[in-house]
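Here are the chains, one letter per residue:
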Amino acid sequence: MLDELLSDDFTFFSPADVGIDRASYFERCWPNAARIKDYEFARLLEAREEVIVTYECTRTDGSRFRNTEVLTFEGEKIRKAEVYFGWELP
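Residues numbered from 1 in each chain as written. Predicted model: local features only at pLDDT ≥ 70, side-chain atom pairs only at ≥ 80, totals over all residues. Heavy atoms only, no water.

Colleague: Just to check I follow, could you spell out the state of the cysteines for this structure?
Modeller: Throughout this description, disulfide means a covalent bond between two cysteine sulfur atoms. As enumerated under the stated definition, the model contains zero disulfides in all. For the unlinked cysteine Cys29, the closest cysteine sulfur is that of Cys57, found at 14 Å. Taking the relative accessible area as the measure of exposure, Cys57 reaches 1% and is therefore buried. (Disulfide = S-S within 2.5 Å. Buried < 20%, exposed > 50% of the residue type's maximum accessible area, 1.4 Å probe, protein only.)

Colleague: Could you clarify how one ought to interpret the pattern of salt bridges in this entry?
Modeller: Opposite charge on two side chains permits them to pair, given that their charged atoms come into close proximity. Summed over the entire model, instances satisfying the criterion amount to seven salt bridges. Across the pair Arg79 and Asp9 runs a salt bridge whose closest N-O atoms are separated by 3.6 Å. Here Asp9 lies in strand 1 (residues 6-13) and Arg79 lies in strand 6 (residues 77-89), a separation of 70 residues in the sequence. Owing to a relative accessible area of 37%, Arg79 belongs among the partly exposed residues under this scheme. Note on Asp9: relative accessible area 43%, which makes it partly exposed. Here the residues in one salt-bridge network are Asp9, Glu74 and Arg79, joined through shared partners. (Salt bridge = Lys/Arg side-chain N within 4 Å of Asp/Glu carboxyl O. Helix = DSSP H or I, 4+ residues; strand = E, 2+ residues; numbered from the N terminus.)

Colleague: Help me understand the side chain of Glu69 in this model?
Modeller: Looking at where Glu69 falls in the secondary structure, it is placed in strand 5 (residues 64-74). Despite its burial, Glu69 pairs with no opposite charge, the nearest such side chain being Arg43 at 12 Å. One polar contact links Glu69 to Tyr55, side chain to side chain, over a distance of 2.5 Å. Leaving out residues up to four positions away in the same chain, Glu69 has contacts with Val51, Ile52, Val53, Tyr55, Glu82 and Val83. (Lys, Arg positive; Asp, Glu negative; His and termini not counted. Polar contact = N/O pair within 3.5 Å; in protein donor to acceptor, adjacent residues only side chain to side chain. Contact = heavy atoms within 4.5 Å.)

Colleague: Sorry if this is basic, but what is going on with the nonpolar core here?
Modeller: Note that soluble globular proteins tend to have their nonpolar side chains buried in a common cluster. The biggest cluster of nonpolar side chains holds 15 residues, and the ones touching the most others in it are Phe10, Phe12 and Tyr25. Elements with a minimum of two residues in this core: strand 1, strand 4 (50-59), strand 5 and strand 6. Setting aside residues no more than four positions away along its own chain, Phe10 makes contact with Ile20, Asp21, Arg22, Tyr25, Ile78, Arg79, Lys80 and Ala81. (Core = buried A, V, L, I, M, F, W, Y, C linked by side-chain atoms within 4.5 Å.)

Colleague: Whenever I open this one, the packing of aromatic side chains confuses me. Can you help?
Modeller: Given two aromatic rings, one states the distance between the centres and the angle between the planes to describe the pair. Going through the model one piece at a time under the given rule, you end up with five aromatic pairs. Pairing Phe12 with Tyr25 gives two aromatic rings, centres 4.9 Å apart and planes at 40°, and the pair type is tilted. On the criterion of sequence distance, the pair formed by Phe12 in strand 1 and Tyr25 in helix 2 (residues 22-28) is long-range, its members being 13 residues apart. Taking relative accessible area as the criterion, Tyr25 reaches 10% and is therefore assigned buried. Following the ring pairs from residue to residue traces out a cluster consisting of Phe10, Phe12, Tyr25, Phe26 and Trp30. (Phe/Tyr/Trp six-rings, centres within 6.5 Å; stacked < 30°, edge-to-face > 60°.)

Colleague: Where do I start with the environment of Phe65 in this structure?
Modeller: With respect to the secondary-structure elements, Phe65 resides in strand 5. Separated by 14 residues in sequence, Phe65 and Arg79 place their C-alpha atoms 25 Å apart. For Phe65, the contacting residues outside a window of four places in its chain are Ile36, Tyr55, Glu56, Cys57, Arg59, Trp87, Glu88 and Leu89.

Structural data, given as structure tokens:
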């Protein structure tokens, strides 16, 4: 399902993964989704072709964290994602 939302030339940026392509994103990043129990959106802002979203997650072990993403759209598809992470929550 997520793969249908990403453009063919999707690029992912984070402090750990600078400018990786779509295939590398699914290989390196997406398996971590299995460790997420719950998402809660704290912020959602639209700015032209970008959407800024901040979300808080609860992992399957009960620990929590917060990320912010800047998603760049091209039409209905996400062309680029910039992820800023590192916030552990109580």
